[in-house]
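Here is what each chain is made of, one letter per residue.
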Amino acid sequence: MEGGAFDGARAAELTAELRRSFDSGRTRSYEWRAAQLKGIARMIEEKEADIMAALHDDLAKPQMESFLHEISLAKASCTFALKELKRWMKPEKVPASITTFPSSAVILPEPLGIALIISAWNYPFFNLTHVGPTLMGKWNYVSEFRLLSIDPVIGAIAAGNAVALKPSEVSPATSSLFAKVLPTYVDNSCIKVVEGSISETTVLLEQKWDKIFYTGSKNVGRIVMVAAAKHLTPVTLELGGKSPVIVDSNVNIKVTAKRIAVGKWGSNNGQACIAPDYILTTKAFAKTLVDALKITLDKFYGKDPLESADLSRVVNDKHFSRLTNLLNDQNVSGTIIYGGQWDEKRLKIAPTLLLDVPHDTMMMDEEIFGPLLPIITFEKIEQCFDFIQSKEKPLAAYLFTKDKKLEEKFVQTVSAGGILINDTGLHFANPHLPFGGVGESGIGAYHGKFSFDTFSHKKAVLSRSFAGEASARYPPYTQQKQKILRGLINGSFIALLLALIGWPRD
Amino acid sequence: MEGELKEVREAYESGKTRSLSWRLSQLKALLRLLYDKEDDIFKALEQDLGKHRAEAYRDEVGLLIKSVNYAIGNLRKWMTPNKVSVPLVAFPSRADIVPEPLGVVLIFSSWNFPIGLSLEPLIGAISAGNAIIIKPSELAPESAEFLARSVSKYLDDKLVKVITGGPDAGQKLLDHKWDKIFFTGSPRVGRIVMAAAAKHLTPVSLELGGKCPAIIDSLTNARDRKIAVRRIIGGKWVACSGQACIGVDYILVEEKFAPILIDMLKATIEKFYPAFDTLSKIINKHHFQRLASLIKDPSVADTIVHGGSMDSDKLFIEPTILLDPPLDAEIMTEEIFGPLLPVITVKKIEDSIDFIRTRPKPLAIYAFTQDEKLKNRLVSETSSGSLTFNDTMLQFAIDTLPFGGVGASGFGQYHGKFSFDMFSHKKSVMRRSFLLEYSFRYPPWDGWKLPFMRSVFHFDYVSLLLRLLGLKR
C-alpha cells in the first residue's frame, strides 16, 4: 500500500472502492471467480522463491521444505474450489407445495457483497485453522503464509464477493510481501490486502461490510461482533478453546501416545488452535500413559529437545513469558514430570508434561497454546466427561478408545466444534467437514463448500403463474372461502381443485 | 426470572431434550394446542390487532399447523448424522456431520403476527433439541398472555417457557448468556440484541424488515392484470393492514400505466372492503401517530389519490394510495409498516432495477411480469431475502424455501429444515482406528518423509501407493 497512515479516511476510501467494484458486477461471473482462484494458485507457485527470500537467517533447510509443504496445502484449497465452483454456483430447484400450486421454487446463492477477513491481531498466531495442521510443525516466518488464512479468501472469492484481507501482523516480512505480490496476480480492484495491527483493524471495523470473517481470540472476537452489530453485519468467528483429550485404558497405547504427541508438539509446538490442550484419564491408567508419552517424546525429539531441529520455537517473547509464567506458578511447578526446560534467547520451550495440575490455576483456565501438556486424572472415566462439560465448549475434543460404547457416548454428549476419535488434528484436513467452533469457540464454519456458503446469501426465488387464482385468499371472508383456505393450507388436493376452478365465485 | 432461567438450564443439562421421542412429543403437543385453542388464538388476535379469523388462520394458525406436521414428518431424517467422504489417505476412517442442539435459546417475537412469529421458530428450536425461552412482544398483550398460559400447559414447562414483559424484561434477558438468540423485529432493536449477544459470543439470527417493492410491468392479458392487482392488495392491506415485514411497501410502475393501476386498485379495494370490518387495526397509538405523520406534510399529503381518512380512537387508517410522493420524504425512506401505499412511477420498467439497487436490501422483492429478460435481470442484479414473481407473500408458506433477510433486512434463515439447522450445531466427527500407522507422520523428520507428505497432500494416490509399497509399518 502507499505510504501514510491507514486511518479512518483511508479505510472509508477502501470500502468505497471495493463497493464500487462489487456493484459493477464484475465479481459475479464464473469466469472472473475462476480467474482469481487460478491467479492465487499461480502466485503461490511462481513466487515461492521470493517468499522464501523473506525468511529469517536462522532457517535450516528442513524448515524451507516445510514451507513448500505449506504452500501445497494452500494450492490444494484453490484446486478444490476450482473443481467444485460450477456446482456450488448452481441454483437448487426445490419442490414447491400444493398450497402454492402452480409454482416453481429455486434457491440461488449470491454474494453478500464486500467481505472483511481478519487474522488475529492481539493473539497473532491464533489462526492456524484452515487446511490442516502442519505435520512438519516448524515455526518460521514462512509458515506465516498459512496464517494468511487463504481458505476464507478462497471461499469469499468463489462466492463472488470483493474482499479486504487484513493478515496477521506477527510476520511483517512475509505479510508485506504478500500485500505487494497478491495484487499483481488478481483483480486488485476487488481483492485488497491491508497490513497493520490494532489501529488499522479498528478503522476497518468501523466501516460497513456485508460480512466479517475473523480468526483469533475470544476477546477480540467480541470486539469484532460488537462492531459488526452497528451495521447488522453477519460474522463468522473462528476462535479457540482448551481442546481436551480423553484417554481410555482400552487403547493401543503406543499409537495413542504418538498421535497425541504429533498433534501437540508436531503442530508448531502446541501453537495451534486445535492442538490437544490437556489430557484427561483415569488414575489407574495415568502411569501407563505418561510412560508411553515419555518414550515417544524421547524418540521424537531426543534427550536434548531444545537442540532438536524438529521442534518449533515460541512465536515471540510476549508468548514466551506467558508460557514460562504458567510454569512458574507455585502450584504448577511441582507438577512437572517431564521436560520443563527452556531457552529464553532462542525462545524455545521443551515439550513438558505435568501431572494433576490444580484445576483453579491459570494453566487450567486459559488456552495454553504452547508445548505444555497437563494430564488431569480422575477415579472414573465418566468424571473426565463431566470435567469437559463443566468447561466452555472447545474447538476440538479428542477421545482415544477401542470401546464403541464409550465412543458413542462421547460423540453424543460432548459438544465441541469438531470431534476426532483415536487421532488428533486430521479431521481439519477434510474439505467435506465443516470447520468451526460452537459456544465460546466460535460462530459459523468454513472449509470446502462451507467456505462458499459462509460468504453467500441463499436467495429464495419463487415463480407463480396467473393460473390457479384462489379467491379464498381475499376478503370478504365467507364461510366457504374459509373452508377452502383451510384445505389449501393443509395441502388438500380437493381444496386445490376447487380453488383452481375458481370456487367459490366472488 | 432468575429462578426460571436456572430451571431451564438445569433441565436442558439433564439431557431430556436430546431424544427423538421428547422432541416429537413436544411437537405433537404443540399441534394439539393449535387445534384445541384455535378460538382462543382468534380471540387474542382480534383483541390485539382486530385481525379477522380468516386471516388469523391463513397467516398464523394454519401455517403453524403445516409447519409442525412438516417437522414431525421429517425430524428423524434431520437428526440423522450426515456421512461425508474421507480422503483415501485417512483410511480406515469414517466422517460424519452430527447435528446437536445449541442449548438454551431465546426467541424474541414481533407484535404483528405474535402467535406465528413466536411458535414458528419454536418448532425449529424444539426439533433441534433445545430448551427455549420465548419473549413475546408486549405490544400484543393478549397474544402474549395466551402464549404464557397455554404453552406451559401443553408443552414441557421446565424446558419451554414464555416470559412476558416490556423492554425491561427484554433487557434483563439479554444480560444473561444464551446459546442462541432469534430476533424478529426492527433494525434498531436488532442492533441492540446483536451487541448484547456479542458479550457472550452468542450466535444470533435477525429477522428484520425493509421496504419491500412490488414492480408491476405491463401485462397484456386483462385477466392477468386483474389477478395481479388482487395479489398486490393481498400483499398489502389483506396482510395485517400493511403491518407485515414481507408486505408490499411500495409499487414501481411505468408512468403510463399508473392511472390504470390506481383505478384497478381502487375498484378492487372497494370490492374486498365494502365495509372495513375485516381490515386489521393499527397496533397502537404510537404507530398510528407515526403513520399519520408520514402523510401530514403537504408535499406528501398532496400526492394522496385514494383514502387518507383516519380514526385515532378506532386505530383505523383507510387503505391509502399515493402517487409519486417525494422520494426524500420519510414515507419513502423508512419502512412504512401500515396501510399507506406509494406508487412510484418510472419511465421504463427497467429503471426499477436501479431504484431498488440503490436502496437497502429488502426482505422481499415482488415483480409482476411476463418478460423473461426483466426477470433474469432482477434475479441477477438485485439482492433481497427472497424474490417472488407474479404473486406476494406466498414464499412464506413454502417449507422448502429458506426464509430470512440479507443486508439491512437481517441474516439467518428458517422455515422447514432451515429452522432445524438454524438452531443446531453441525458437529464434525471423524473416527479412526488404530490400524494402519504411517510412520512418516512423526518426527524425527528424516529426508524421505517430506516427499511422502507431499504426495499425501496432493492427494496423489499413485505415488503414495508406490511409496507405501516400499514402507515399513
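The rules behind each value
- Residues numbered from 1 in each chain as written.
- Chains lettered and ligands numbered in written order.
- Predicted model: local features only at pLDDT ≥ 70, side-chain atom pairs only at ≥ 80, totals over all residues.
- Heavy atoms only, no water.
- Helix = DSSP H or I, 4+ residues; strand = E, 2+ residues; numbered from the N terminus.
- Buried < 20%, exposed > 50% of the residue type's maximum accessible area, 1.4 Å probe, protein only.
- Contact = heavy atoms within 4.5 Å.
- Areas by Shrake-Rupley, 256 points an atom, 1.4 Å probe, with all protein chains shown as cover.
- Pairing = 2+ DSSP bridges.
- Axes fitted to C-alpha atoms, helices over the stretch in contact; angles between N-to-C directions.
- Domains from an automatic or database assignment.
- Buried area = accessible area lost by both parts, 1.4 Å probe.
- Salt bridge = Lys/Arg side-chain N within 4 Å of Asp/Glu carboxyl O.
- UniProt positions renumbered as here; feature names shortened; annotations may be inferred.
- Polar contact = N/O pair within 3.5 Å; in protein donor to acceptor, adjacent residues only side chain to side chain.
- Nonpolar A, V, L, I, M, F, W, Y, C, P; charged D, E, K, R; others polar.
- Right-handed = clockwise from strand over helix to strand, strands pointing away.
- Expected span 1.5 Å × (residues − 1).
- Phe/Tyr/Trp six-rings, centres within 6.5 Å; stacked < 30°, edge-to-face > 60°.
- Lys NZ or Arg CZ within 6 Å of the ring centre and 35° of its normal.
- Patch = residues over 30% accessible without salt bridge, like charges linked within 9 Å, V, L, I, M, F, W, Y side chains within 5 Å.

Observations concerning the overall build of chain B
Here comes step 1: Along its length, chain B carries 18 helices and 18 strands.
Here comes step 2: Oriented by its inertia axes, the alpha-carbon framework of chain B measures out at about 90 × 55 × 40 Å.
Here comes step 3: Within the span of chain B, comprising 473 residues, buried residues form 63% of the whole.
Here comes step 4: When contacts within chain B are restricted to residue pairs at least 6 apart in sequence, those whose partners lie at least 24 apart make up 70%.
Here comes step 5: For chain B, the accessible surface area stands at approximately 17,300 Å², while carbon and sulfur atoms represent 55% of it.

Let's talk about the sheet that holds strand β13 (residues 320-323) of chain B
Here comes step 1: With respect to topology, 10 strands assemble into an open sheet ordered β1(A)-β2(A)-β18(A)-β16(B)-β15(B)-β8(B)-β9(B)-β14(B)-β13(B)-β10(B), the strand pairing being mixed. A strand with exactly one partner marks an edge of an open sheet, and here the two such strands are β1 (92-94) of chain A together with β10 (304-306) of chain B. When the angles between neighbouring strand axes are averaged without regard to direction, this sheet yields 25°.
Here comes step 2: The pairing of strand β8 (residues 213-216) of chain B with strand β15 (residues 364-368) of chain B spans three bridges and is parallel. Each residue of the ladder has a partner; that of I215 of chain B, found in β15 of chain B, is A367 of chain B.
Here comes step 3: Together, β2 (103-111) and β18 (456-464) of chain A together with β8, β15 and β16 (386-389) of chain B form the strand contacts of helix α15 (residues 372-381) of chain B, whose direction differs from that of β16 of chain B by roughly 170°.

What to know about the domain arrangement of chain B
Residue and element names in this part refer to chain B.
Here comes step 1: Assigned domains of chain B: these are domain 1 (2-208 + 414-426) and domain 2 (213-404).
Here comes step 2: Domain 1 and domain 2 are separated by 30 Å when their C-alpha centres are compared.
Here comes step 3: The interface of domain 1 with domain 2 comprises 24 residues on the first partner and 23 residues on the second.
Here comes step 4: When domain 1 packs against domain 2, the two sides together hide about 2,200 Å² of surface, and 57% of this comes from carbon and sulfur.
Here comes step 5: Taking the shortest distance from any N to any O, the salt bridge between D399 and K66 comes out at 2.6 Å.

Quick look at the UniProt feature "active site" (unreviewed entry) in chain A
Residues and elements named next belong to chain A.
Here comes step 1: Taking the numbering used here, the UniProt-annotated feature "active site" (unreviewed entry) corresponds to E238 and C273. Considering the C-alpha atoms alone, the annotated residues occupy 36 residues of sequence yet fold into one spot, their largest mutual distance being 9.4 Å.
Here comes step 2: Among the secondary structure elements, E238 is positioned in strand β7 (residues 235-238).
Here comes step 3: Given the relative accessible area of 0%, E238 is considered buried.
Here comes step 4: In this structure, E238 is in contact with F213, Y214, T215, G216, F435, G436, S441, G444, A445 and Y446, ignoring residues within four places of it in sequence.
Here comes step 5: Here C273 shows up in the loop between α10 (253-264) and β9 (278-282).
Here comes step 6: The buried category is assigned to C273, whose relative accessible area is 1%.

Some words on the interface of chain A and chain B
Here comes step 1: Listed per partner, the contact involves 107 residues of chain A and 109 residues of chain B.
Here comes step 2: For the pair chain A and chain B, the two sides together bury roughly 8,800 Å², of which 62% comes from carbon and sulfur.
Here comes step 3: Looking only at chain A, the three residues that lose the most surface to chain B are L232, F466 and Y477 of chain A, adding up to 10% of its buried area.
Here comes step 4: Between D391 of chain B and R473 of chain A there is a salt bridge whose closest N-O contact spans 2.8 Å.
Here comes step 5: On inspection of chain A and its partner chain B, the count reaches 46 residue pairs in polar contact (both at pLDDT 80 or more).
Here comes step 6: For the side of chain A that touches chain B, the residue count by class is 52 nonpolar, 29 polar and 26 charged.
Here comes step 7: As paired elements, β18 of chain A and β16 of chain B share four bridges and run parallel to each other. By the bridge assignment, S463 of chain A is partnered in β16 of chain B with F389 of chain B.

Let's talk about the pairing of strand β8 (residues 244-247) of chain A
All names here are of chain A.
Here comes step 1: Every second residue of β8 is oriented toward a common face, with P244 and I246 on one face and V245 and V247 on the other, all of them buried.
Here comes step 2: Judged from the four bridges that link them, β8 and β9 form a sheet pairing that is parallel. Each residue of the ladder has a partner; that of P244, found in β9, is Y278.
Here comes step 3: Chirality of the crossover, the property in question, places the unit of β8, α10 and β9 among those that are right-handed.
Here comes step 4: As paired elements, β8 and strand β15 (residues 396-400) share three bridges and run parallel to each other. Looking at the pairing, I246 lines up with L399 of β15.

Let's talk about helix α9 (residues 222-235) of chain B
Here comes step 1: Taking 1.5 Å per residue, 14 residues should reach 20 Å; α9 of chain B reaches 20 Å between its end C-alpha atoms and fits that length.
Here comes step 2: Burial analysis of α9 of chain B places 10 of its 14 residues in the buried class, the great majority of the element.
Here comes step 3: Every buried residue of α9 of chain B is accounted for by D224, I227, A228, V229, R230, R231, I232, I233, G234 and G235 of chain B.
Here comes step 4: Buried residues in α9 of chain B make contact with β18 of chain A together with β8, β9 (250-254), α10 (258-272) and β15 of chain B.
Here comes step 5: Near the N-terminus of α9 of chain B, the side chain that reaches the backbone nitrogen of R223 of chain B, with its oxygen 2.8 Å away, is that of N221 of chain B.

As for the side chain of Q207 of chain A
Residues and elements named next belong to chain A.
Here comes step 1: Summarising the element assignment, Q207 is placed in the loop between α8 (198-206) and β6 (211-215).
Here comes step 2: Given a relative accessible area of 13%, Q207 falls into the buried group.
Here comes step 3: Separated by 3.1 Å, the side chain of Q207 and the backbone oxygen of V203 make a polar contact.
Here comes step 4: Those residues in contact with Q207 that sit more than four places away from it in its chain are G8, A11, A12, T15 and H231.

Structural notes on the packing of aromatic side chains
Here comes step 1: Tallied over the full model, the rule gives 21 aromatic pairs over all chains.
Here comes step 2: Ring plane angle 80° and centroid distance 5.9 Å describe the contact between Y278 of chain A and F387 of chain A, whose orientation is recorded as edge-to-face. With Y278 of chain A in strand β9 and F387 of chain A in helix α14 (residues 381-390), the pair connects residues that are 109 residues apart, well separated along the chain. When sorted by exposure, Y278 of chain A lands in the same class as F387 of chain A, which is buried.
Here comes step 3: Three or more aromatic residues link up through ring pairs in this structure, and these residues are F182, F396, F403, Y414 and F423 of chain B.
Here comes step 4: Sitting above the plane of the Y30 of chain A ring, K86 of chain A keeps its charged end 4.3 Å from the centroid.

Description of helix α6 (residues 150-158) of chain A
Here comes step 1: For α6 of chain A, the buried fraction is high: nine of the nine residues fall into the buried class.
Here comes step 2: Turning to α6 of chain A, its buried residues are I150, D151, P152, V153, I154, G155, A156, I157 and A158 of chain A.

With respect to the environment of S456 of chain A
Residue and element names in this part refer to chain A.
Here comes step 1: Relative to the assigned elements, S456 resides in strand β18.
Here comes step 2: Residue classification places S456 among the buried positions, given a relative accessible area of 11%.
Here comes step 3: Between the alpha carbons of S456 and G160 there is a distance of 8.2 Å; along the sequence they are 296 residues apart.
Here comes step 4: Dropping the residues within four chain positions of it, S456 is found in contact with E110, L112 and A159.
Here comes step 5: A distance of 2.7 Å separates a polar atom in the side chain of S456 from the backbone oxygen of F452.

Quick word on unusual backbone geometry
The general pattern is negative phi for most residues beyond glycine and trans for most peptide bonds.
Residue and element names in this part refer to chain A.
Here comes step 1: Between F101 and the following residue, P102, the backbone shows a cis peptide bond with an omega angle of -5°.
Here comes step 2: Residue placement: P102 occurs in the loop between β1 and β2.
Here comes step 3: A cis amide bond links P475 with the next residue in sequence, P476, at an omega value of -5°.
Here comes step 4: Looking at the element boundaries, P476 is found in the loop between β18 and α17 (479-489).
Here comes step 5: Even without being glycine, D356 reaches a positive phi, approximately 55°.
Here comes step 6: Summarising the element assignment, D356 is placed in the loop between β13 (352-355) and β14 (372-378).

Observations regarding a nonpolar patch on the surface
Residue and element names in this part refer to chain A.
Here comes step 1: A contiguous nonpolar surface patch, about 730 Å² in accessible area, is contributed by F101, F493, I494, L497, L500, I501 and W503.
Here comes step 2: Position of I494 relative to the elements: it lies in helix α18 (residues 493-500).
Here comes step 3: With a relative accessible area of 59%, I494 lands in the exposed category.

Quick word on the environment of L500 of chain A
All names here are of chain A.
Here comes step 1: Note on placement: L500 falls in helix α18.
Here comes step 2: Given a relative accessible area of 34%, L500 falls into the partly exposed group.
Here comes step 3: In the structure, L500 is positioned 253 residues away from V247 in sequence and 65 Å away in space, judged by C-alpha atoms.
Here comes step 4: Residues within four places of L500 in sequence aside, it is in contact with F101 and G468.

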